[in-house]
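# Residue-level structure breakdown
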Amino acid sequence: MKRTITDIDVTGKRVLLRVDFNVPLDENGSITDDSRIRKELPTIKYLLAKRAKLIICSHLGRPEGQYKPNLSLLPVAQRLVDILPLTKIKFAADCIGEKTEEEAKNLKEGEILLLENLRFHAEEEKNDPIFAQKLASLAEIYVDDAFGTAHRKHASVYGVAKLLPNAVGLLMGKEINTILGALENPERPFTAILGGSKVSDKIYVVMNMLNKVDNLLIGGGMAYTFLKALGYNVGKSLVDDTKVELARNILAEAEKKYVNVILPIDHICAESLSPNARPKKVRGVNIPDSLMALDIGPKTTKLFAKTIKKSASVIWNGPMGVFEFNKFSKGTEKVAKAVAKVNGKTIVGGGDSIAAIRKLGLEDSVTHISTGGGASLKLLEGEVLPGVEVIENI
Ligand code: AMP
């Protein structure tokens, strides 16, 4: 488990908090969605309640090491002022340098200093040690709450964490401790459900899961590379021909490890991937040459749901079909409902799986919704993320 802010004494301390305020902006520089700022509020409010002197840093967009006025964090500072009207919030026009050091030193308990975009300095992405030192000199404690950048060895994620006593914030703490906890010490039977379109994105997750899970349910577009590997006819379904051999090896490995891999046994197909496509049920595993599978069929759905129901912990990432079209969304919705009914730990990640859970109003019925994107997939792959590795364990 990683040390979080509740494990350390931050009272009255100068805390450098790395967040993800990489918000979308329109052409006038206005924030179009402030959910990344709002998600950070629990950590910010916790630290302010402890009378910390809060120095917040983030990147925004890809300025490539140069000052770009349209990628300034000033609009974020203004939004923070709107959201936290009772807190004194200052904005530092540069994230390092003498003036910023002065501003950080003069910060009072319960005040915030938001630093300008870290990526205005090329040194940030190069994990430059002098730049990291300058950032570290602003504070006494470093807190990382930007899980989405934890797989990047940047100065504000890695270098600075090496130089100060460190911890993760509430957002990142929940994300990593829930996922790592589930992977390291799962309640059994432990089931992983993987779907979505790109086998190449998730093949390493499948490989890592073979060492962890009892059941592996594979649906969505990625299932057809595995079915092809087993010699079934997959028609016009999505297949990554470069991964068929690897898929075959993985299935052989799964057998050796006694992992129960379940692939679709029936399908909802169509002649093409279009909103007007007429769904056709294909009752067996083999798919006629003229069709492509766009959702798992009812027998598969039942089989998946039965396995999920018997599980004590579940990780789900990726839709079971082309969830965007109603007629191909049933498999995903039924899997969502089955996952929500599990009493044990349930972790849901990936845009479409999260959308399915939200559409059905089941957010409160799962343990954790993992919004970490690429970084969460890397954790599931068993990769050591620099921004996670560098934080002290407890
Ligand atoms: P990913 O980004 O890998 O999680 O994949 C999500 C995408 O997979 C969604 O846009 C789905 O429409 C797509 N998808 C799911 N199942 C299929 C399928 N059987 N054939 C083609 N695309 C699929």
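What comes next is a walk through the structure. (Residues numbered from 1 in each chain as written. Predicted model: local features only at pLDDT ≥ 70, side-chain atom pairs only at ≥ 80, totals over all residues. Heavy atoms only, no water.)

Turning next to the packing of aromatic side chains. Applying the stated criterion across every chain, the model contains one aromatic pair. Ring centres of Tyr67 and Phe120 lie 5.0 Å apart, and the angle between their planes is 70°; on these two criteria the pair is classed as edge-to-face. Of this pair, Tyr67 sits in the loop between strand S2 (53–57) and helix H3 (74–83) while Phe120 sits in the loop between strand S4 (112–115) and helix H5 (122–125), and the two are 53 residues apart along the sequence. By relative accessible area, Phe120 is classed as buried at 9%. Over the ring of Tyr158 we find Lys153; its NZ or CZ atom is 4.5 Å from the centre of that ring. (Phe/Tyr/Trp six-rings, centres within 6.5 Å; stacked < 30°, edge-to-face > 60°. Helix = DSSP H or I, 4+ residues; strand = E, 2+ residues; numbered from the N terminus. Buried < 20%, exposed > 50% of the residue type's maximum accessible area, 1.4 Å probe, protein only. Lys NZ or Arg CZ within 6 Å of the ring centre and 35° of its normal.)

A few words on the site of the ligand. For the ligand, the set of nearby residues contains 15 residues, the closest of which are Ser197, Gly221, Ala293, Gly321 and Glu324. A distance of 3.1 Å is found between an oxygen atom of the ligand and a side-chain nitrogen or oxygen belonging to Lys202. Here Ala293 contributes a backbone N or O atom positioned 3.0 Å from a nitrogen atom of the ligand. Look at the ligand: alone it shows 510 Å² of surface, and the protein chains cover 81% of it. (Near = heavy atom within 4 Å. Polar contact = N/O pair within 3.5 Å; in protein donor to acceptor, adjacent residues only side chain to side chain. Areas by Shrake-Rupley, 256 points an atom, 1.4 Å probe, with all protein chains shown as cover.)

Moving on, we get to the nonpolar core. Of all hydrophobic cores here, the largest spans 73 residues; its most connected members are Leu16, Leu115, Leu135, Phe147, Leu216 and Phe226. Ignoring sequence-local partners within four residues, the contact set of Leu115 consists of Leu16, Ile55, Ile56, Cys57, Leu73, Phe91, Ala92, Asp94, Cys95, Thr100, Leu135 and Leu138. Counting 32 residues, the second largest nonpolar core, distinct from the first, contains Val15, Leu17, Val143 and Ala167. (Core = buried A, V, L, I, M, F, W, Y, C linked by side-chain atoms within 4.5 Å. Contact = heavy atoms within 4.5 Å.)

As a further point, take the environment of Ile268. Within the secondary structure layout, Ile268 lies in strand S10 (residues 267–270). According to the relative accessible area criterion, Ile268 is buried, its value standing at 15%. In sequence terms Ile268 and Ile287 are 19 residues apart; their C-alpha atoms lie 9.9 Å from each other. Filtering out sequence-adjacent residues up to four positions away, Ile268 remains in contact with Pro279, Lys280, Lys281, Met292, Ala293, Leu294, Asp295, Ile296, Gly297, Pro298, Lys327 and Phe328.

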